[in-house]
Amino acid sequence: MEAIYQYAWLVPVLPLIGAMIVGIGLISFNKFTNSLRQVWSIFIVSIMGMTMTLAFAIFWSQYTGHPPYTQIIEWASAGDFRLNMGYTIDHLSALMLVVVTTVAFLVMIYTDGYMAHDPSYVRFYAYLSLFSSSMLGLVISPNLVQVYIFWELVGMCSYLLIGFWYGRKPAADACQKAFVTNRVGDFGLLLGMLGLFWCTRSFDFAVIGERLENLVESGALSGAVAALFAILVFLGPVAKSAQFPLHVWLPDAMEGPTPISALIHAATMVAAGVFLVARMFPVFENIPAAMNVIAWTGCFTAFLGASIAITQNDIKKGLAYSTMSQLGYMVMGLGVGAYTAGLFHLMTHAYFKAMLFLGSGSVIHGMEGVVGHDPAYAQDMRLMGGLRKYMPITAITFLIGTLAISGIPPFAGFWSKDEILGKTFEANPAMWLVGWLTAGITAFYMFRMYFSTFEGKFRGEDVSVKETIRIERLQAQGFSMGPGAMNSQELAVADEAHDDHDHSHGHHSHEPHESPLSMTFPLMALAVPSILIGLVGTPFANYFEEFIHAPGEVVPPLGAEVDLPEFLTMGGSSIGIALIGITLASLMYLRHKVNPAAIAEKIPVLYNLSKNKWYIDDIYNAVFVNGSRRLARQVLEVDSKVVDGLVNLAGFVTVFTGETLKYFENGRAQFYALIVFAAVLGLVIFSGVTG
Amino acid sequence: MLTANFPWLTTSILLPIAASLAIPFLPDKDGKTVRWYALIVGLIDFALIVYAFCNFYDFSSAEMQLRESYTWIPQLDLKWSVGADGLSMPLILLTGFITTLATLAAWPVTWKPRLFYFLMLAMYGGQIAVFAVQDMLLFFLAWELELIPVYLLLAIWGGKKRQYAATKFILYTAGGSLFILLSSLAMAFYGDTISFDMQTLAEKAYPLKLQLWLYTGFLIAYAIKLPIIPFHTWLPDAHGEATAPVHMLLAGILLKMGGYALIRMNVEMLPDAHATVAPVLVILGVVNIIYAALTSFAQRNLKRKIAYSSISHMGFVILGIVSFTDLGMSGAVLQMVSHGLIGASLFFLVGATYDRTHTLMLDEMGGVGQKMKKIFAMWTICSMASLALPGMSGFVAELMVFVGFATSDAYALPFRVLVVFLAAVGVILTPIYLLSNLREIFYGPENKELAEHQVLVDAEPREIYIISALLVPIIGIGLYPKLLTQIYDAKTMQLTARLRNSLNELTAERKEPEAIALLKSAEVLTAPSLN
């Protein structure tokens, strides 16, 4: 078994090599490389397959009880400072390896169908492979610096992939927003990392935790400072895992192609934040203040995301807010000390949310045949409906995902979410209440999504809905107009602007079609874990907890007595509220007994708050974006007017005096020498006298 | 003949200069022979430098090596003496590398090619001389001589405001170098012996007051070159008007002369003054990082934007120099080399973009990524390198400076916290201006007006080659920084040890109870042993 560990570094390196070969090919022999489309995709997918096999082998070896393995080399040094890099394989990283490689593998297969007609098909595979490499490197990092390195690299891949269709303006804005928002988080992570290094002289997770505890206990370091460092580090996960207040980038990131929304912005990269909190658990768990901040951040984010998801019409945006909300659950779980539960939810969520996103991609792919290649139309649920008839596989898998996320047993999401809620109730009932209500909202908006997409009758040809969407978009672009006073010219301009970036293979039909096998196969494959994977972590036989638990935590043995009444109350209450949510959704969107628009009109304040994402984007835009622009302009003004102005003034004076000097006819060189000599003399004498 | 006694450095300085003198006599009709000639001379010289360092330089020693000394004017004690140590060796290598690539980058220059390549080769020798000479007077001469080619390159091949920019450049730098002369003369005449030899000068014991005067003199000159705000305003003008190859030299090498001389003279020769003045420099460094990042963000002219970004990155060099830690000092040298490579690549790309769009105003660009995919890709990679993406050299350098400064015990804790915090703000600002720059040039729907009037061809192999050549060391250092750091860190450690000595003396002398108490409290906090 030892050999697997010696070659475990191949896990991130293999996809990197794949990405590099394709990347160099694209730069050097662009036309030729692009013409070999499927050759490259098979190459990249098979490399990912090899990586996945290796990951499973590692996982199996860890599961059968191999001790953790760490391999490090000296990376940078100066004086007595040493910085090591390497890889570490333990239970947590083995689990993450399996999750990441399986999702990445399936997403890569799916990509072949989804991107089949895209001219940048090969480039997309190169990016996917590069991302997988960075993500795999992240999960096997042995210390904080290496995590930071890969943390930034996955951020860069996310930037490249969000901006993949760079001809679209929203994509261009979104990728920059994602990178900069994440840099704000990284800023905190960097400061926290430096602070922790300053007081513990180590970047190693376990060592930091231990020394920090000693320092705080001995009084050498005040608890408040330790908490400050911990919270600064936590800023990194806040940005990466889209927690309030740095969540704003995630919904916009949906501008990227759907496969990466599934891989990066649902299953893996956004979970990296949760992973880091888990890795830093030895540090955080000794600092109650930090744990509280983490838990409440997660709790609020869970609610915030769900409350916004209710009113979204864009299917991907809805799923994005739901991801944010689910990540909030995980963070809350870790914050209340439920290490196992948080990571369990990470795993189940990775599978069912990846499936949901891929399902939404399949829907969009089908819709594009009817409404054209415009994300505003192809992703709007108001134009969908009745799709179950046309795309049955997508519909069934989407339903499975919806049931899983809503927390209906025996689907995966029930077990993990219930475990988080149970642990939260023990820690803080108020927090539990928020989480519990959010579970109801989750069931409601997910079924709203399912019903309006797959049930009812198809609305794709509905001209009036299209018109509404068009006006909404124009208003968002800043054309102020009422529906009655449309200036056709402006409309033409705006329409032209997006027609340009249709990378069209447009054949318009009247009915959406089911996606090809390359897209439906990953959906079916992901449906299996979405249904079953929760069973590894039931309270009755918690194999998951036995494998993954916080360092130093004592785990009850398998088959230990389960507190059945407690399980039934907790589980029952979450199922209950989920059912209420589902019923409400079916009344509104399936049977149309209740008109949602009428409810919205009755509570305009709440409706607008949700619809406008709590106005957070607008506030950030006004304060930070415009604020920094204004500040920058002012600084430049000072630079060019004041600083440079003085210089030019001085120059003018010199030239002027230079002109007058000519009249002395004593030659400049001599004068220059004289001044130099006098000054030197003066200096030496001066310092001789005073020194 | 090819032994350790062979005058390697003198040859590497004089070879390009001698070769440049032959250019007027070359049979050449359309300027094509000259550029090959210049390129080959550049390559030979670079190979010579690499060969000499590989075979006759001991990387584990902090001493001055490959020394040569010939009496030039005995009356003045002026000697032609050159040598290399851990401080100058990486920069000499950088010079050879960047200048050779800049010659290749100058391929499309058709206006007065003979004069152009003559100046480029003269620059080559002049730049190496600045880093290699070990005599103060000679240093001053080399410093001044290297200005003339730059001035001419700016004034003849520059943009529309080239006269203004070139004049500003020469006035500024020549004005600054006056202070070098002043300080060197004062150092030479101080004490019993008159000597211009750098090592002799470094060993003299100057009283603190004189040190401070000398320090200020040098600092003004090097603050202009590096540049340190508020002595920076020549730089956006000079950079804004220069052509791409000159640009690569300005950003890649000339700025590093400031950093190099700052370490060589201010830090190495006047350590006591450095220990006293350091807090001021810390503040200047932080101001550099933030102020320049903000001005860069507001700039609408591409060249000036990237020029300001250079200033911002130089702030990290200053912070490293004043950190009084091995790591920080090592990071400062690394940042100089790293920025040399990254800055050169970015400026080359600016030139390549301008060749196609014929505008530098961001407002007139947009959406050119559709036609120029490879240039877009290279821009993205180099911007990522510049915003300190891990895996590239900039990240390692900045990280080393950050860790070095954060763990430095030379400053009181609150001061350090504030500085690290502000420097980290720069980490947020850098991607803001670099990525919005990328967005404004390449992203978005195609700019029809630009596409109609200009031929937006994609990168040619020569351009891809130049960028790849620059990326190899950028990524190599990023992946395994010891590649570079281990060849010079004997020197930086020796430097830091000397500095710390001065620092300790200073704190002991002053006997400021406050400072000591703060230092002690910091020590308590840093107390846990390394094991």
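Conventions and cut-offs
- Residues numbered from 1 in each chain as written.
- Chains lettered and ligands numbered in written order.
- Predicted model: local features only at pLDDT ≥ 70, side-chain atom pairs only at ≥ 80, totals over all residues.
- Heavy atoms only, no water.
- Helix = DSSP H or I, 4+ residues; strand = E, 2+ residues; numbered from the N terminus.
- Buried < 20%, exposed > 50% of the residue type's maximum accessible area, 1.4 Å probe, protein only.
- Areas by Shrake-Rupley, 256 points an atom, 1.4 Å probe, with all protein chains shown as cover.
- Contact = heavy atoms within 4.5 Å.
- Buried area = accessible area lost by both parts, 1.4 Å probe.
- Salt bridge = Lys/Arg side-chain N within 4 Å of Asp/Glu carboxyl O.
- Polar contact = N/O pair within 3.5 Å; in protein donor to acceptor, adjacent residues only side chain to side chain.
- Nonpolar A, V, L, I, M, F, W, Y, C, P; charged D, E, K, R; others polar.
- Domains from an automatic or database assignment.
- Phe/Tyr/Trp six-rings, centres within 6.5 Å; stacked < 30°, edge-to-face > 60°.
- Core = buried A, V, L, I, M, F, W, Y, C linked by side-chain atoms within 4.5 Å.
- Patch = residues over 30% accessible without salt bridge, like charges linked within 9 Å, V, L, I, M, F, W, Y side chains within 5 Å.
- Lys, Arg positive; Asp, Glu negative; His and termini not counted.
- Charge placed at Lys NZ, Arg CZ, Asp CG, Glu CD.
- pLDDT = per-residue confidence, 0-100.
- Pairing = 2+ DSSP bridges.
- Axes fitted to C-alpha atoms, helices over the stretch in contact; angles between N-to-C directions.
- Parallel < 35°, antiparallel > 145°, perpendicular 65-115°, else oblique.
- Left-handed = near helix turned anticlockwise from the far one by under 90°.

Right, let's get into the overall build of chain A. For chain A, the count of helices and strands is 31 helices and four strands. Expressed as a percentage of its 691 residues, the buried residues of chain A come to 58%. Put simply, chain A shows about 26,700 Å² of open surface, and 68% of that area lies on carbon and sulfur atoms.

This next bit is on the interface of chain B and chain A. At the junction of the two partners, chain B supplies 79 residues and chain A supplies 70 residues. Carbon and sulfur atoms supply 73% of the area buried between chain B and chain A, which totals about 6,800 Å² over both sides. Connecting chain B to chain A are two salt bridges. Here chain B is connected to chain A by eleven residue pairs in polar contact (both at pLDDT 80 or more). Its residues assigned to classes, the side of chain B that touches chain A comprises 52 nonpolar, 16 polar and eleven charged.

With that settled, consider helix α10 (residues 234-241) of chain B. Counting buried positions along α10(B) gives eight out of eight residues, so the element sits mostly inside the fold. Among the residues making up α10(B), those that are buried are W234(B), L235(B), P236(B), D237(B), A238(B), H239(B), G240(B) and E241(B).

Now for the domain arrangement of chain B. Residue and element names in this part refer to chain B. When its domains are assigned, chain B resolves into domain 1 (1-269) and domain 2 (272-501). In this assembly, 53 residues from domain 1 lie in contact with 47 residues from domain 2. Note on domain 1 versus domain 2: buried area summed over both sides is about 4,400 Å², and carbon and sulfur give 76% of it. When residues of domain 1 are sorted by the area they lose upon contact with domain 2, Y215, I229 and V267 head the list and together hold 13% of the total. Taken together, domain 1 and domain 2 are joined by three salt bridges.

Residues and elements named next belong to chain A. For the structure shown, the criterion picks out 60 aromatic pairs over all chains. Centroid distance F59 to F547: 5.2 Å. Interplanar angle 65°. Geometry classified as edge-to-face. Taken together, the positions of F59 in helix α4 (residues 37-63) and F547 in helix α26 (residues 543-547) put the pair 488 residues apart, joining distant regions of the chain. Look at F447 and Y450: their rings are 6.5 Å apart centre to centre, the planes differ by 75°, and that puts the pair in the edge-to-face class. Remark: Y450 and F447 occur in helix α22 (residues 429-454); sequence separation between them is three residues, near one turn of the helix.

So, on to the pattern of salt bridges. Going through the model one piece at a time under the given rule, you end up with 26 salt bridges over all chains. Note that D90(A) and R279(A) form a salt bridge whose closest N and O atoms lie 3.1 Å from each other. Taken together, the residues D90(A) in the loop between β2 (81-89) and α5 (91-114) and R279(A) in helix α13 (residues 269-279) connect sequence positions 189 residues apart. In this pair, the class of D90(A) matches that of R279(A), namely buried. Between K168(B) and D237(B) there is a salt bridge whose closest N-O contact spans 2.7 Å. One end of the pair, K168(B), is in helix α7 (residues 162-189); the other, D237(B), is in helix α10, and 69 residues separate them in sequence.

Another point: unusual backbone geometry. Here the residue pair L226(B) and P227(B) is connected by a cis peptide bond, since its omega of -10° sits within 30 degrees of zero. By secondary structure assignment, the location of P227(B) is in the loop between α9 (208-225) and α10. The residue after I229(B), namely P230(B), is reached through a cis peptide bond having omega 15°. With a phi close to 60°, R201(A) is a non-glycine residue in the positive phi region. Even without being a glycine, A388(B) presents a positive backbone phi close to 60°. In this fold, A388(B) is placed in the loop between α15 (373-386) and α16 (393-406).

With that settled, consider the nonpolar core. Ranked by internal contacts, the top residues of the largest apolar core, which has 426 residues, are F139(B), Y222(B) and W379(B). What W379(B) contacts, discounting residues up to four positions off in sequence, is L302(B), I306(B), L346(B), L349(B), V350(B), T353(B), N437(B), L438(B), I441(B) and F442(B). With 14 residues, the next largest nonpolar core counts A295(A), A341(A), M431(A) and I577(A) among its residues.

Side chains of E210(A), E213(A), E217(A) and E285(A) sit close together on the surface and give a patch of like negative charge. Looking at where E210(A) falls in the secondary structure, it is placed in helix α9 (residues 205-218).

Let us look at the confidence of the model for chain A. Scored by pLDDT, chain A comes out at a mean of 83, with 89% of its residues at no less than 70. Segment residues 663-667 of chain A is flagged for pLDDT under 50; beyond a separation of four residues in sequence, or across chains, it makes one contact in the model.

Moving on to the confidence of the model for chain B. Residue and element names in this part refer to chain B. Summarising the model, chain B shows a mean pLDDT of 86, and 95% of its residues fall at 70 or more. The low-confidence segment residues 515-531 (pLDDT under 50) makes 20 contacts with residues lying over four places distant or belonging to another chain. For this predicted complex, the interface confidence reaches an ipTM of 0.88, while the overall pTM sits at 0.88.

A few words on a nonpolar patch on the surface. A contiguous nonpolar patch, built from I73(A), I475(B), L479(B), Y480(B) and L483(B) and spanning about 450 Å² of accessible area, is present on the exposed surface. Along the chain, the position of L483(B) falls in helix α20 (residues 482-510). The partly exposed category is assigned to L483(B), whose relative accessible area is 49%.

With that settled, consider the pairing of β2(A). Residues and elements named next belong to chain A. Within β2, seven of the nine residues are buried, leaving the element largely enclosed by the surrounding structure. Summarising the sheet, strand β1 (residues 69-78) and β2 pair through nine bridges and their orientation is antiparallel. Within the sheet, the bridge partner assigned to I73 lies in β2 and is M85. Counting the residues in the hairpin turn of β1 and β2 gives two residues, including G79, whose phi is positive at 60°.

What follows deals with the packing of helix α7 (residues 144-162) of chain A against α13(A). All names here are of chain A. Direction vectors running N to C along α7 and α13 enclose 165°, while the axes themselves pass 10 Å from each other. Considering the angle they form, α7 stands roughly antiparallel to α13. Note on packing geometry: the crossing formed by α7 with α13 is left-handed. Together, L144, V147, W151, V154, G155 and S158 of α7 and M269, A272, G273 and L276 of α13 make up the contact between the two elements. In terms of residue class, the contact of α7 with α13 is built from seven nonpolar, three polar and no charged.

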